[in-house]
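Okay, here's what each chain looks like letter by letter:
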Amino acid sequence: MGSDCLFCRIVAGEIPATVVRETPRTLAFRDIAPKAPVHVLVIPKEHYADVATLAEGDPALAGEVLATAAAVAEDEGLLGDGFRLMFNTGAYGGQEVFHVHAHLFGGAPLGPMLAGDLA
């Protein structure tokens, strides 16, 4: 993508991250501002802006992102009590970094899906 993408710079090793799992095509690392006891970001190493673009452009890689997230959930001991996997997409979805990433949350009850009633 270029030097302006935070996650591409992490993949390139230009910015440090606490990596918990790496495959040839994915990277999982701890969020620097965790919202749960376990908060890991799972990304494809190749740049895609969002999950819709990834799913259309490389469905197999999208599956690898999910498989990496599942492996991290197992490594972190989250399978018994459960976890949440969330992709934010676009402005209304709350996406802040425009390199597709899954948030893996767990380690405590996570509460409702949304902060408030949007209806």
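Check the entry above for the structure.
Everything numeric in this text was worked out from a predicted model, so none of it was measured.

Caption draft 1: Structural detail: the layout of surface pockets. Taken as a whole, the largest pocket encloses approximately 530 Å³ of empty space. As for the largest pocket, its lining consists of 24 residues, and the residues nearest its centre are F7, D31, L41, E96 and H103. Mapped by element, the contributors of at least two residues to the lining of the largest pocket are α1 (6-11), β2 (26-30), β3 (38-44) and β5 (102-106). At 3 residues, the largest contribution of residues to the lining of the largest pocket is made by α1. Here the lining of the largest pocket is built from residues that sort into 13 nonpolar, 7 polar and 4 charged.

Caption draft 2: Expanded view of the pairing of strand β1 (residues 19-22). Note: β1 against β2, 3 bridges, orientation antiparallel. The partner of E22 across the bridge, within β2, is L27. Joining the antiparallel neighbours β1 and β2 is a turn of 3 residues.

Caption draft 3: Seen up close, the side chain of D58. Summarising the element assignment, D58 is placed in the loop between α2 (51-57) and α3 (59-75). For D58, a relative accessible area of 15% puts it in the buried group. At a separation of 3.3 Å, a polar atom in the side chain of D58 contacts the side chain of R25. Discounting chain neighbours no more than four positions away, the residues touching D58 are R25 and Y48.

Caption draft 4: Spotlight on the sheet that holds β5. Spatial strand order, β1-β2-β3-β5-β4: 5 strands in an open sheet with antiparallel pairing. Because the sheet does not close on itself, it has two edges, and the strands there are β1 and β4 (83-87). Across this sheet, the average inter-strand angle for adjacent strands is 20°, counted without regard to direction. The pairing of β3 with β5 spans 5 bridges and is antiparallel. Paired with L41 across the strands is H103, a residue of β5. Contacts from α3 reach β1, β2, β3, β4 and β5 within the one sheet, and its direction differs from that of β3 by about 155°.

Caption draft 5: Region of the structure containing the pattern of salt bridges. For the coordinates displayed, the defined rule picks out 6 salt bridges. The shortest N-O distance in the salt bridge between R9 and E14 comes to 3.1 Å. When the shortest N-O distance is used, the salt bridge between R25 and D58 registers 3.3 Å. Of this pair, R25 sits in the loop between β1 and β2 while D58 sits in the loop between α2 and α3; the two residues are 33 residues apart in sequence, bridging distant segments of the chain. Since its relative accessible area comes to 28%, R25 is described here as partly exposed. Each of R25, D58 and E64 takes part in a single network of salt bridges with overlapping partners.

About the cut-offs
- Residues numbered from 1 in each chain as written.
- Predicted model: local features only at pLDDT ≥ 70, side-chain atom pairs only at ≥ 80, totals over all residues.
- Heavy atoms only, no water.
- 1 Å grid on protein atoms, 1.4 Å probe; cavity = no way out; pocket = protein on both sides within 12 Å on 5 of 7 lines; lining within 4 Å.
- Points joined across faces, edges and corners; volume = space filled by probe spheres on them.
- Helix = DSSP H or I, 4+ residues; strand = E, 2+ residues; numbered from the N terminus.
- Nonpolar A, V, L, I, M, F, W, Y, C, P; charged D, E, K, R; others polar.
- Pairing = 2+ DSSP bridges.
- Buried < 20%, exposed > 50% of the residue type's maximum accessible area, 1.4 Å probe, protein only.
- Polar contact = N/O pair within 3.5 Å; in protein donor to acceptor, adjacent residues only side chain to side chain.
- Contact = heavy atoms within 4.5 Å.
- Axes fitted to C-alpha atoms, helices over the stretch in contact; angles between N-to-C directions.
- Salt bridge = Lys/Arg side-chain N within 4 Å of Asp/Glu carboxyl O.

Such coordinate-based values are descriptive only and should not be taken to indicate function.
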